Amino acid sequence: DGYYQGDSYPTGAWRSDGAAQRGSVADMPVFPGDPLTPGVASLPGVPRLSLADAPTLMKIPVLAISYSDALPMLRAMTGPVAPEQWRGALPITYHLGPGPATVHFKVEFDFNTVPAYDVIARMPGNERPDEWVIRGNHHDAWVNGARDPISGLVSLLAEAKAMGELAKTGWRPRRTIVFAAWDGEEPGLLGSTEWVEAHAEELQRKAVLYVNSDTNGRGFLQVGGSHTLEPFINTIARDVIDPEKGVTVFDRQRAANVLNGTAEQAREARERPDVRIDALGSGSDYTPFLQHLGIPTLNMGYFGEDESAGVYHSIYDSYDHFSKFVDPTFGYEVALAQTAGRTVLRFADADYLPVSFSSLSETLGRYVNEVTKLADDERAAIQEKNRRINDRVFDLASDPTARLIAPKPEAPALFLNFAPLQNALADLRDSSQKYEAALRDAGVSGKLRSTDLQKKLDVELAKVEQALASGPGLPRRPWFKHQIYAPGLYTGYGVKTLPAVREAIEQHDWVEAGEQIIVVADAIHKAAEQIDRATAVVGGKSE
């Protein structure tokens, strides 16, 4: 922030010395939403936890302050000089403390329960009203919120307005379209989570896609979400024109990967037909849809060339700042509306749900390889650490006192059997190939033109993502059901793929890692079985 990055606002885009960044400190990787009603909708009359028993409310008070308020406190600290990676950019020598100065804070809390106001608009489908395509963005902000969240919300409103104009011509979507403006996102995804928990059963029966945006800026299209949707969203990106460069946003993103990516990203950009989408962690309203219910999800926005981080979650996130430093022409607001609007319209009017399973199986193969390598690396690290400890203890053999305080070797890593994951992955690949072959044959024969077949196929396709979230949930945080994507328990919003297995390996809990390999493999097997049901429908073998 501030002068280290560039001129502070209003001269430049960066945070001034008197500005503070607001934010939630609820422990959302355990569960988002109302801290007092985990897993159930926060409605009048439901049982609530006491404040003392709420697991996501932290016990150490936190107060965000500006760097002008922090400077005299940091300057008053003595003790060792801080390691280089711990030093900031203020004009002081950073010390670790303590004192000699002491500081007294008075922190006040307001734990009142107040309503959250979600705004929901619905256009019923004329053919498949019980299949819902949902488009959401939150409307609450810490203060002015020009970029976060209004930059995403105005695009959503433009999409809704355009669909309203289409409706005046007599058009109606094949599937129901639902627009949602969520409240309470900033304190902890309150509005979206409680709405999802209130309508969970109905959403699992009817929701076929959730499309989310949040902030928007200027630059490159960035998409994260379900990898069953990767080919579909690439078709959208090929049809949207970048407002500054005059090329498709797909071509611009691919060029950026060639110029600025790793060697692997550059190679893929040249050789792979589609641009990869990211896995989703948390931090916005897609979390309850994807990771709690297993609804196929996309999150999108334009980023990379705006200057907005300096006023994030502060009063300076204003229209003036946005129009000067983020998207002066509002061209990328239009681009987001064109991207998300096409996504909703094409999905809502598709003959059958446009999901692909080859991208899913390829991506899962990458994740399985990653956790397998992680286990090998951690096993080698333990061996090396123990060797160093044993060498050190041997050096101290003549000094019994020193031996008492020497670190103890860690138990050797247990062997992990990844065969269940590999077998499940093989099943998924086989099922994906058979589905795509059946789809091609049905297209040639004209069978896919049957509305009855399309409806039956939709029922089966909609359940594939849910199969990946059908198990017991993650260890110690069962609200997160999805076995492929979750925020890391210790990484804030950052994603962990195959989270139960990956985090157990990172924590050297080898017994749990072995157990979770079985759980994740079972979820992948269920997804493969669900794809087989879809294949049976296409092949005319369903009941």
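Up top is the structure these notes are about.
Quick caveat, the model's predicted, so the values are computed rather than measured.

Colleague: Is there a simple way to think about the sheet that holds strand 6 (residues 297-304) in this case?
Modeller: Sheet strands line up and pair through hydrogen bonds in the backbone, either parallel or antiparallel. Strand order in this open sheet of six strands is 1-3-2-4-6-5, and the pairing throughout is mixed. On the outer flanks of this sheet lie strand 1 (119-123) and strand 5 (219-225), each paired with one strand and no other. Each adjacent strand pair in this sheet contributes to an overall mean axis angle of 20°, direction not counted. As judged from the seven bridges shared by strand 5 and strand 6, these two strands associate in the antiparallel manner. By the bridge assignment, Gly 224 is partnered in strand 6 with Asn 299. Each of strand 2 (128-138), strand 3 (175-182), strand 4 (207-212), strand 5 and strand 6 is contacted by helix 11 (residues 331-349), which is oriented at about 160° to strand 6, the strand it contacts most.

Colleague: Could you clarify how one ought to interpret the pattern of salt bridges in this entry?
Modeller: Where side chains of opposite charge bring their charged atoms close, a pairing between them can arise. Evaluation of the coordinates by the stated rule reveals 39 salt bridges. Taken together, the shared-partner salt bridges connect Glu 127, Arg 128, Glu 131, Arg 174, Arg 175, Asp 351 and Asp 458 into one network.

Colleague: Would you mind showing me how to read helix 18 (residues 510-538) here?
Modeller: Note on helix geometry: an α-helix contains 3.6 residues per turn, so any two residues three or four positions apart are oriented the same way. Here helix 18 is 29 residues long and its end C-alpha atoms lie 42 Å apart, about the 42 Å a rise of 1.5 Å per residue gives. Positive phi shows up at Gly 540, right after helix 18, with a value of about 80°.

Colleague: It is not clear to me how a nonpolar patch on the surface should be interpreted in this structure. Could you clarify?
Modeller: Residues Leu 63, Ile 65, Val 103 and Phe 105 make up a contiguous nonpolar surface patch of about 350 Å² in total accessible area. Looking at where Val 103 falls in the secondary structure, it is placed in the loop between helix 1 (67-75) and strand 1.

Colleague: Help me out: how do you make sense of the pairing of strand 2 in this one?
Modeller: For a regular strand, side chains alternate in direction, first toward one face of the sheet and then toward the other. In terms of burial, strand 2 is a largely internal element, nine of the eleven residues being buried. Relative to strand 3, strand 2 is paired through eight bridges, and the arrangement is parallel. Residue pairing across strands places His 138 opposite Trp 182, the latter belonging to strand 3. Handedness of the crossover is the feature at issue here: the chain leaves strand 2, passes through helix 2 (residues 146-168), returns alongside strand 3, and the resulting connection is right-handed. Sheet topology note: the strand 2/strand 4 ladder contains five bridges and is parallel. Along strand 4, the bridge assignment pairs Gly 136 with Asn 212.

Colleague: Before we go on, may I ask you to explain the packing of helix 7 (residues 249-260) against helix 8 (residues 263-271) in this structure?
Modeller: Between helix 7 and helix 8, the least distance of the axes is 7 Å, while the angle of their chain directions is 140°. Here helix 7 runs over helix 8; the crossing is left-handed. Contacts from Arg 254, Asn 257 and Val 258 of helix 7 reach helix 8 at Gln 265, Ala 266, Ala 269 and Arg 270. A per-class count over the contact of helix 7 with helix 8 returns three nonpolar, two polar and two charged.

Colleague: Can you walk me through the layout of surface pockets in this structure?
Modeller: Gaps left between atoms are located by rolling a probe of water-molecule size over the structure's atoms. As a volume, the largest pocket reaches approximately 1,800 Å³. Lining of the largest pocket is provided by 48 residues; of these, Leu 57, Asp 110, Phe 111, Pro 187 and Leu 190 occupy positions nearest its centre. Contributing elements (two or more residues each) for the lining of the largest pocket: helix 3 (185-188) and helix 4 (190-198). Top contributing element to the lining of the largest pocket by residue count: helix 4, with five residues. Each residue belonging to the lining of the largest pocket can be placed in one class, and the counts come to 28 nonpolar, eleven polar and nine charged. Considering only enclosed or pocket space, the second largest pocket measures out at about 830 Å³ in volume. Forming the walls of the second largest pocket are 34 residues, and the residues nearest its centre are Gln 265, Val 275, Arg 276, Ile 277 and Asp 278. When contributions to the lining of the second largest pocket are tallied by element, the ones reaching two or more residues are strand 5, helix 6 (230-237), helix 7, helix 8, strand 6 and helix 12 (358-395). Within the lining of the second largest pocket, the residues separate by chemical class into 14 nonpolar, eleven polar and nine charged.

Colleague: For this particular structure, what's the right way to read empty space enclosed by the protein?
Modeller: Within this structure, the stated rule accounts for three cavities of 30 Å³ or more. Considering only enclosed or pocket space, the largest cavity measures out at about 40 Å³ in volume. Lining the largest cavity, in full, are Arg 147, Asp 148, Ser 308, Val 311, Tyr 312, Asp 317, His 321 and Val 326. When contributions to the lining of the largest cavity are tallied by element, the ones reaching two or more residues are helix 2 and helix 10 (319-326). A class-by-class count of the residues in the lining of the largest cavity yields three nonpolar, two polar and three charged. Taken as a whole, the second largest cavity holds about 40 Å³ of empty space. Lining the second largest cavity, in full, are Ala 141, Trp 142, Val 143, Asn 144, Gly 145, Asp 148, His 313, Ser 314 and Asp 317. Its residues assigned to classes, the lining of the second largest cavity comprises three nonpolar, four polar and two charged.

Colleague: How do you make sense of the packing of helix 15 (residues 451-461) against helix 18 when you look at a structure like this?
Modeller: Any two packed helices are characterised by how steeply their axes cross, that is the angle between the axes, and by the distance between the axes. With their axes 8 Å apart at the nearest point, helix 15 and helix 18 run at an angle of 175° to one another. Considering their axes alone, helix 15 and helix 18 lie roughly antiparallel with respect to each other. For the pair helix 15 and helix 18, the contacting residues are Leu 453, Lys 456, Leu 457, Glu 460 and Leu 461 in the first and Gln 530, Arg 533, Ala 534, Val 537 and Val 538 in the second. For the contact of helix 15 with helix 18, the per-class residue count stands at six nonpolar, one polar and three charged.

Colleague: Explanation requested: the side chain of Arg 272 in the structure shown.
Modeller: You can see Arg 272 is positioned in the loop between helix 8 and helix 9 (287-293). Arg 272 gets classed as buried once you look at its relative accessible area, which sits at 12%. Of note is the side chain of Arg 272, whose polar atom sits 3.0 Å from the backbone oxygen of Asp 274. At 2.9 Å, the side chain of Arg 272 forms a polar contact with the side chain of Glu 362. Once residues within four sequence positions are removed from consideration, Arg 272 is found in contact with Glu 230 and Glu 362.

Colleague: Can you walk me through the pairing of strand 4 in this structure?
Modeller: For strand 4, a buried count of six out of six residues is recorded, marking the element as mostly surrounded by other parts of the structure. Pairing of strand 4 with strand 6, which is carried by three bridges, proceeds in the parallel orientation. Across the sheet, Asn 212 pairs through a bridge with Asn 299, a residue of strand 6.

Colleague: Can you help me understand the packing of aromatic side chains in this one?
Modeller: Geometrically, a pair of aromatic rings is defined through the distance of the ring centres and the angle of the planes. All told, the structure shown has 13 aromatic pairs when counted by the stated rule. Geometrically, the ring pair formed by Phe 109 and Phe 111 is stacked, given 5.8 Å between the ring centres and 5° between the ring planes. You can call Phe 109 exposed: its relative accessible area is 51%. Between Trp 195 and Phe 289 the ring centres are 6.4 Å apart and the planes differ by 45°, which places this aromatic pair in the tilted class. Placement of the pair is Trp 195 in helix 4 and Phe 289 in helix 9, with a sequence separation of 94 residues. Taking the ring centre of Phe 250 as reference, the NZ or CZ of Arg 238 above it sits at 4.1 Å. The cationic tip of Arg 252 hangs over the ring face of Phe 220; the distance from NZ or CZ to the ring centre is 4.4 Å.

Rules used throughout
- Residues numbered from 1 in each chain as written.
- Predicted model: local features only at pLDDT ≥ 70, side-chain atom pairs only at ≥ 80, totals over all residues.
- Heavy atoms only, no water.
- Pairing = 2+ DSSP bridges.
- Helix = DSSP H or I, 4+ residues; strand = E, 2+ residues; numbered from the N terminus.
- Axes fitted to C-alpha atoms, helices over the stretch in contact; angles between N-to-C directions.
- Contact = heavy atoms within 4.5 Å.
- Salt bridge = Lys/Arg side-chain N within 4 Å of Asp/Glu carboxyl O.
- Expected span 1.5 Å × (residues − 1).
- Patch = residues over 30% accessible without salt bridge, like charges linked within 9 Å, V, L, I, M, F, W, Y side chains within 5 Å.
- Areas by Shrake-Rupley, 256 points an atom, 1.4 Å probe, with all protein chains shown as cover.
- Buried < 20%, exposed > 50% of the residue type's maximum accessible area, 1.4 Å probe, protein only.
- Right-handed = clockwise from strand over helix to strand, strands pointing away.
- Left-handed = near helix turned anticlockwise from the far one by under 90°.
- Nonpolar A, V, L, I, M, F, W, Y, C, P; charged D, E, K, R; others polar.
- 1 Å grid on protein atoms, 1.4 Å probe; cavity = no way out; pocket = protein on both sides within 12 Å on 5 of 7 lines; lining within 4 Å.
- Points joined across faces, edges and corners; volume = space filled by probe spheres on them.
- Parallel < 35°, antiparallel > 145°, perpendicular 65-115°, else oblique.
- Polar contact = N/O pair within 3.5 Å; in protein donor to acceptor, adjacent residues only side chain to side chain.
- Phe/Tyr/Trp six-rings, centres within 6.5 Å; stacked < 30°, edge-to-face > 60°.
- Lys NZ or Arg CZ within 6 Å of the ring centre and 35° of its normal.

Structural measurements only, silent on function.
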